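For reference, the chains in residue letters:
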Amino acid sequence: SMQPQRVGFFSRIDYGSPGFRKGLIEALFEYFVQDDIHFAVLVGGLVSRGALLAELDREVDRAKIGERERVADEKERLERHERRPGEAIASIKSRVRNSSIDAWAKDLAEAIPSLTCNGKTTKIYIVTSPANTYDGDIGKEVAIRLHSFRSDISFWDECDGRFPLQFPGEYADMDFWA
């Protein structure tokens, strides 16, 4: 006979904000282990988009200042043919965004506990919210990048938390929406 699938849901951990709920995640995951869940789903609120964008703006500003200082220093010390051209602002923004997303994903990979039930690693799926007040575009990027640091964590979708589950009897092959 088919066993029921137990799913653990959580949301709004708000990484990056002063209200990041690391302790709550740890306590919640202890319950998930006790309840012997088959998989977990974070349903929106992986990150605080506003807080991460503010941090990103500060990092971009620091990088631009650093680049201006490098160019000025080379202009003072080196002959024209020895100097490197200044990095374009678009390039600085892209480089800083990429390295920040990596750093945030790595930090989250360490902050989110691993789940093991019945000796098996339990998958954790992330459904992000496209709303700019929650995850937005940056939350989706962080969720996707998170998988490169933790194979047990996968980005599922943005908005659509539809999970095909196996139910016994009259509910066989029914999809579950988170």
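See above for the structure.
Residues numbered from 1 in each chain as written. Predicted model: local features only at pLDDT ≥ 70, side-chain atom pairs only at ≥ 80, totals over all residues. Heavy atoms only, no water.

**A look at the pairing of strand β6 (residues 153–158)**
Line of reasoning, step 1. Bridge count for strand β5 (residues 123–128) against β6 is five bridges, and the pairing is parallel. Along β6, the bridge assignment pairs Ile126 with Phe155.
Line of reasoning, step 2. The handedness of the β5 to β6 crossover, carried by helix α4 (residues 136–149), is right-handed. (Pairing = 2+ DSSP bridges. Helix = DSSP H or I, 4+ residues; strand = E, 2+ residues; numbered from the N terminus. Right-handed = clockwise from strand over helix to strand, strands pointing away.)

**With respect to the packing of aromatic side chains**
Line of reasoning, step 1. Overall, the coordinates contain six aromatic pairs when judged by the stated rule.
Line of reasoning, step 2. Note on Phe39 and Tyr125: the rings are 5.5 Å apart at their centroids and 85° apart in plane angle, and the pair reads as edge-to-face. Taken together, the positions of Phe39 in strand β2 (residues 39–43) and Tyr125 in strand β5 put the pair 86 residues apart, joining distant regions of the chain. There is no split in this pair, since Phe39 and Tyr125 are both buried.
Line of reasoning, step 3. Three or more aromatic residues joined by ring pairs make a cluster, and in this case those are Phe10, Phe29 and Phe32. (Phe/Tyr/Trp six-rings, centres within 6.5 Å; stacked < 30°, edge-to-face > 60°. Buried < 20%, exposed > 50% of the residue type's maximum accessible area, 1.4 Å probe, protein only.)

**Remarks on the pattern of salt bridges**
Line of reasoning, step 1. Under the definition given, this model contains 14 salt bridges.
Line of reasoning, step 2. Residue Asp137 pairs with Arg97 through a salt bridge whose shortest N-O separation is 3.5 Å. You can see Asp137 sitting in helix α4 and its partner Arg97 sitting in helix α3 (residues 89–111), a full 40 residues away along the chain.
Line of reasoning, step 3. Look at Asp137 and you get partly exposed, because its relative accessible area is 39%.
Line of reasoning, step 4. The network of salt bridges with shared partners includes Arg49, Arg97, Asp137 and Glu141. (Salt bridge = Lys/Arg side-chain N within 4 Å of Asp/Glu carboxyl O.)

**Topic: the packing of helix α2 (residues 49–77) against α3**
Line of reasoning, step 1. Running from amino to carboxyl end, α2 crosses α3 at an angle of 130°, the nearest separation of the two axes being 9 Å. Judged on the interaxial angle alone, α3 and α2 are oblique. Here α2 and α3 pass one another in a crossing that is right-handed. Listed contacts from α3 to Leu52, Glu55, Leu56, Glu59, Val60, Ala63, Lys64 and Glu67 of α2 are Ile89, Ile92, Lys93, Arg95, Val96, Arg97, Ser100 and Trp104.
Line of reasoning, step 2. Split into classes, the residues belonging to the contact of α2 with α3 amount to eight nonpolar, one polar and seven charged. (Axes fitted to C-alpha atoms, helices over the stretch in contact; angles between N-to-C directions. Parallel < 35°, antiparallel > 145°, perpendicular 65-115°, else oblique. Left-handed = near helix turned anticlockwise from the far one by under 90°. Contact = heavy atoms within 4.5 Å. Nonpolar A, V, L, I, M, F, W, Y, C, P; charged D, E, K, R; others polar.)

**Describing the side chain of Glu67**
Line of reasoning, step 1. Its place among the elements puts Glu67 in helix α2.
Line of reasoning, step 2. Beyond its immediate stretch of four places on either side in the chain, Glu67 contacts Pro85, Gly86, Glu87 and Ile92.

**Brief notes about the environment of Lys106**
Line of reasoning, step 1. Examined against the element boundaries, Lys106 turns out to sit in helix α3.
Line of reasoning, step 2. Take Lys106: its relative accessible area is 44%, and that puts it in the partly exposed class.
Line of reasoning, step 3. Spatially, the C-alpha atoms of Lys106 and His147 are 9.5 Å apart, while their sequence positions differ by 41 residues.

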